[in-house]
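One-letter residues, chain by chain:
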Amino acid sequence: MKALSKVDHVRILVILSDELWDDLEKGLIDDAEYGVKLKLIKNEMNEHLSVSFNCIQKIANKLGYIVVKNKNAFGVTQNYQIAKN
């Protein structure tokens, strides 16, 4: 079986988080269960993915958004903004 690319890995995790949200809205899971499961997805993203900023930009672009780095006067990235593409 072929290994997933980083982009596909992130894409699947996002789809899973969307499915969890749908289950919460439909009342199939409660807030506590949603929080626990979403934390698992977040941990997977944080622990196992070293995704470049360019990779994130590609994913955002496919979703119709752009990601913009906000830097301070010293050129240090302080945060990111997401805008509609």
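It should be emphasised that the depicted structure is a prediction, and the values quoted were computed from it without experimental measurement. Residue positions are counted from 1 within each chain, in the order its sequence is given. Under the rules for a predicted model, residues below a pLDDT of 70 receive no local features and side-chain atom pairs below 80 are neither given nor counted, while totals for whole chains, interfaces and linings still include all residues. Water and hydrogen atoms play no part in the side-chain values, which are based on all heavy atoms of the structure.

Tracing the backbone through its elements, the reader meets Ser 17 in helix 1 (residues 6-25). Two residues form a contact once any of their heavy atoms are found within 4.5 Å. Those residues in contact with Ser 17, other than ones at most four positions away along the chain, are Leu 38 and Ile 41. For the purposes of this entry, the term helix denotes a DSSP run of H or I that reaches at least four residues, the term strand denotes a run of E that reaches at least two, and both are numbered from the N terminus.

Turning next to the pattern of salt bridges. Whenever Lys or Arg places a side-chain nitrogen within 4 Å of a carboxyl oxygen from Asp or Glu, that contact is recorded as a salt bridge. Inspection of every chain in the model, using the stated rule, returns one salt bridge. Lys 37 is paired through a salt bridge with Glu 33; the nearest N and O atoms lie 2.9 Å apart. With Lys 37 and Glu 33 both in helix 2 (residues 31-48) and four residues apart, this pair spans about one turn of that helix.

Residues belong to a common nonpolar core when they are buried Ala, Val, Leu, Ile, Met, Phe, Trp, Tyr or Cys residues joined through side-chain atoms within 4.5 Å. Note on classification: 1.4 Å probe, protein chains only; a residue is buried when its accessible area is under 20% of the maximum for its type, exposed when over 50%, partly exposed between these limits. In terms of nonpolar packing, the biggest core is built from six residues, these being Leu 13, Leu 20, Leu 24, Ile 29, Tyr 34 and Ile 41. Counting residues per element, the ones that place at least two in this core are helix 1 and helix 2. Among the elements that make up this core, the one with the highest residue count is helix 1 (three residues). Discounting chain neighbours no more than four positions away, the residues touching Ile 41 are Leu 13, Leu 16, Ser 17 and Leu 20.

This brings us to a nonpolar patch on the surface. Residues qualify for a patch when their relative accessible area is over 30% and they have no salt bridge, like charges being joined within 9 Å and the nonpolar side chains of Val, Leu, Ile, Met, Phe, Trp and Tyr within 5 Å. For every accessible area listed, the method is Shrake-Rupley and the probe measures 1.4 Å; residues are considered covered only by the protein chains on display. Taken together, Leu 4, Ile 12 and Leu 16 make up a surface patch of nonpolar side chains, about 270 Å² in accessible area. By secondary structure assignment, the location of Leu 4 is in the segment before helix 1.

Here we come to the environment of Gly 64. Its location among the elements puts Gly 64 in the loop between helix 3 (53-62) and strand 1 (65-71). For Gly 64, a relative accessible area of 22% translates into the label partly exposed. What Gly 64 contacts, discounting residues up to four positions off in sequence, is Ala 83, Lys 84 and Asn 85.

Turning our attention to the packing of aromatic side chains. Each pair of aromatic rings taken from Phe, Tyr and Trp, with Trp reduced to its six-membered ring, is defined by centres within 6.5 Å and is described as stacked if the planes are under 30 degrees apart, edge-to-face if over 60, and tilted in the remaining cases. Evaluation of the coordinates by the stated rule reveals one aromatic pair. Arranged with centres 5.9 Å apart and planes meeting at 65°, the rings of Trp 21 and Tyr 34 form a pair that is edge-to-face. One end of the pair, Trp 21, is in helix 1; the other, Tyr 34, is in helix 2, and 13 residues separate them in sequence. On the accessibility criterion, Trp 21 (41% relative accessible area) is partly exposed.

To continue, consider helix 1. Residue pairs spaced three or four apart in an α-helix point in one direction, given the helix's 3.6 residues per turn. What a helix should span is 1.5 Å times the count of its residues minus one. Its 20 residues give helix 1 an end-to-end C-alpha distance of 29 Å, which sits within 8% of 28 Å, the value for a rise of 1.5 Å per residue. What helix 1 keeps buried is the set Val 7, Val 10, Leu 13, Ser 17, Leu 20 and Leu 24. Taken end-on, helix 1 shows its buried residues confined to a sector of 145°, consistent with a single buried face. Note that the arc is computed from the directions linking the helix axis to the C-beta atoms.

Read these as spatial facts, not as claims about activity.
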